[in-house]
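So the chains spell out like this:
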Amino acid sequence: MTATIALVLVGAIPVSVICAAPEREDLNDDLLIGQSLADMLLAGETVISREQDRINDPKLGEKGLGGAALIERAREIYRKATGVDPSTIDPNTRHGRLLRVQMDAIVEVMDANQTTINAKGTGFKGFIPAVFARLVNEAFARRAKGEAEVKVTGPPDRVRNRKARPDIWETTIIKSKLLTPSWPHDQAYSAAVETDGRPAFRVMVPQYYDETCLACHGSPKGEVDITGYPKEGAKLDELGGVISIILYR
Ligand code: HEC
């Protein structure tokens, strides 16, 4: 599940960057952080996806999916996917700190949505992986206080929620890199780019549709899915979304 990582630098590489070892290490660190935040978000989404039928069951009350329970399972999925136990990542590093901020955001979102998740008598509650991810990313942005942002976006014709629309840079990378037939499957794109007037490092982690996604995003195109949105007519393994991470410097 872990995406292959490759560091892609846009344009000519300034000689100073080639020579300055610490600078290169910074960039590699930032790429690792971005990939790690994407892996943890996906781990949380995977738990929601596996529990979707139980969440949607109108006869079930308490689901046992409070923040503490969910983060334990996400931690295990992350560990299997990356080979690293998140608790072993030094909290005094930027990586360890931001990953903990994100895990706290996951706990916050699950605890805040217990009434919805445990409601008896309601089948579909609208609590699906994409909604979970959006709420976690909003909580993360608040907690990270302008140091970092995580967003789930995608190709413009695949985006449902206005808030998920790609910005100009994301649109360019999606079209010129991630959607091109030669782009290696699962490979992240990353670059140092000024964002909102601030120096930043950005990582774009591609996500592809699997069978479970097609119930809502697949065919027939235009047919309304369980969430009330028209299906996009997407096919297996097509680029469905991108986890976009901004690390401000
Ligand atoms: C139960 C139906 C359903 C399933 C299954 C589903 N999605 Fe979605 N997806 C949605 C809805 C609804 C939204 C909009 C969520 C919101 O309001 O923010 C969405 C949003 C998204 C987004 C964010 C962009 C946006 O428009 O907000 C991505 C990316 C995405 N889905 C990809 C996937 C992938 C990949 C899978 C499979 C792993 C998947 N979806 C499975 C219904 C679904």
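Values in this document were obtained by computation on a predicted structure and should not be read as measured data.

S.K.: How do you make sense of the site of the ligand when you look at a structure like this?
M.R.: Taken together, 19 residues sit near the ligand, with R134, R160, C213, C216 and H217 positioned nearest. Measuring from an oxygen atom of the ligand, one finds a backbone N or O atom of R160 at 2.3 Å. Side-chain polar atom of H217 to a nitrogen atom of the ligand: 2.9 Å apart, as the coordinates give it. Taken together, the elements giving at least two residues each to the shell around the ligand come down to α7 (129-144), β1 (148-153), α9 (211-217) and β4 (239-248). Take the shell around the ligand: its biggest share by element is 4 residues, from α9. Classifying every residue of the shell around the ligand gives 9 nonpolar, 8 polar and 2 charged.

S.K.: Got a minute to help me understand the pattern of salt bridges in this structure?
M.R.: Per the counting criterion, the structure on display carries 20 salt bridges. Here E232 ties to R160 by a salt bridge, and the two come within 2.8 Å at their closest N and O atoms. Residue E232 is found in the loop between α9 and β4, and its partner R160 is found in the loop between β1 and α8 (168-178); the two are separated by 72 residues along the sequence. Using a relative accessible area of 22% as the deciding quantity, one classes R160 as partly exposed. A network of salt bridges, in which partner residues are shared, links D30, R94, R97, E147 and R249.

S.K.: Where do I start with the packing of aromatic side chains in this structure?
M.R.: Here a ring pair, both rings aromatic, is described through the centre-centre distance and the interplanar angle of the planes. A full pass over the atoms with the stated rule returns 3 aromatic pairs. Taking the centre distance of 6.5 Å and the plane angle of 70° together, the rings of F127 and F132 count as edge-to-face. Per residue, the accessibility class of F127 equals that of F132, and both read buried. Ring centres of W169 and Y189 lie 6.1 Å apart, and the angle between their planes is 50°; this geometry places the pair in the tilted category. With W169 in helix α8 and Y189 in strand β2 (residues 189-192), this pair connects stretches of sequence that are 20 residues apart. Grouping aromatic residues by their ring pairs yields a cluster made of W169, W183 and Y189. Here the basic side chain of R198 rests over the ring of Y248, its NZ or CZ set 4.1 Å away from the ring centre.

S.K.: Explain the packing of helix α4 (residues 67-82) against helix α5 (residues 94-112) to me, please; I cannot follow it from the model alone.
M.R.: Pairs of packed helices are described in terms of their axes, by the angle between the two and the distance that separates them. In the contact formed by α4 and α5, the axes pass within 8 Å of each other and the chain directions differ by 135°. Viewed along their axes, α4 and α5 adopt a mutual orientation that is oblique. Regarding α4 and α5, the two cross each other, and that crossing is right-handed. Here G67, A68, L70, I71, R75 and Y78 of α4 lie close against α5, whose contacting residues are H95, L99, M103, I106, V107, M110 and D111. Tallied by class, the residues present in the contact of α4 with α5 amount to 9 nonpolar, 2 polar and 2 charged.

S.K.: Can you help me understand the coordination of the iron atom of the ligand in this one?
M.R.: Just one protein ligand coordinates the iron atom of the ligand, and it is H217 (NE2) at 2.1 Å. Topologically, H217 is positioned in helix α9.

S.K.: Please explain the confidence of the model for the protein as it appears in this structure.
M.R.: Regions with low pLDDT carry predicted coordinates that are not meant to be interpreted in detail. Mean pLDDT for the protein: 91, with 90% of residues reaching 70 or above. Contacts from residues 1-22, a stretch scored under 50 in pLDDT, to residues over four places away or in other chains number 36 contacts.

S.K.: Looking at this model, I keep getting lost on the nonpolar core. Mind explaining?
M.R.: Inside soluble globular proteins, nonpolar side chains tend to come together where they are buried. Counting residues in hydrophobic clusters, the biggest one holds 43 residues, and the most contacted among them are F132, F140 and I245. Broken down by secondary-structure element, the contributors of at least two residues to this core are α2 (21-50), α4, α5, α7, β1, β3 (200-208) and β4. Sort the elements by how many residues they give to this core and α2 lands first, with 10 residues. Setting aside anything within four residues of it in sequence, one finds F132 in contact with L41, G44, E45, I48, L70, I106, V109, M110 and F127.

Rules and cut-offs
Residues numbered from 1 in each chain as written. Predicted model: local features only at pLDDT ≥ 70, side-chain atom pairs only at ≥ 80, totals over all residues. Heavy atoms only, no water. Near = heavy atom within 4 Å. Polar contact = N/O pair within 3.5 Å; in protein donor to acceptor, adjacent residues only side chain to side chain. Helix = DSSP H or I, 4+ residues; strand = E, 2+ residues; numbered from the N terminus. Nonpolar A, V, L, I, M, F, W, Y, C, P; charged D, E, K, R; others polar. Salt bridge = Lys/Arg side-chain N within 4 Å of Asp/Glu carboxyl O. Buried < 20%, exposed > 50% of the residue type's maximum accessible area, 1.4 Å probe, protein only. Phe/Tyr/Trp six-rings, centres within 6.5 Å; stacked < 30°, edge-to-face > 60°. Lys NZ or Arg CZ within 6 Å of the ring centre and 35° of its normal. Axes fitted to C-alpha atoms, helices over the stretch in contact; angles between N-to-C directions. Parallel < 35°, antiparallel > 145°, perpendicular 65-115°, else oblique. Left-handed = near helix turned anticlockwise from the far one by under 90°. Contact = heavy atoms within 4.5 Å. Donors = N, O, S within 2.8 Å, 3.2 Å for Na, K, Ca; no water. pLDDT = per-residue confidence, 0-100. Core = buried A, V, L, I, M, F, W, Y, C linked by side-chain atoms within 4.5 Å.

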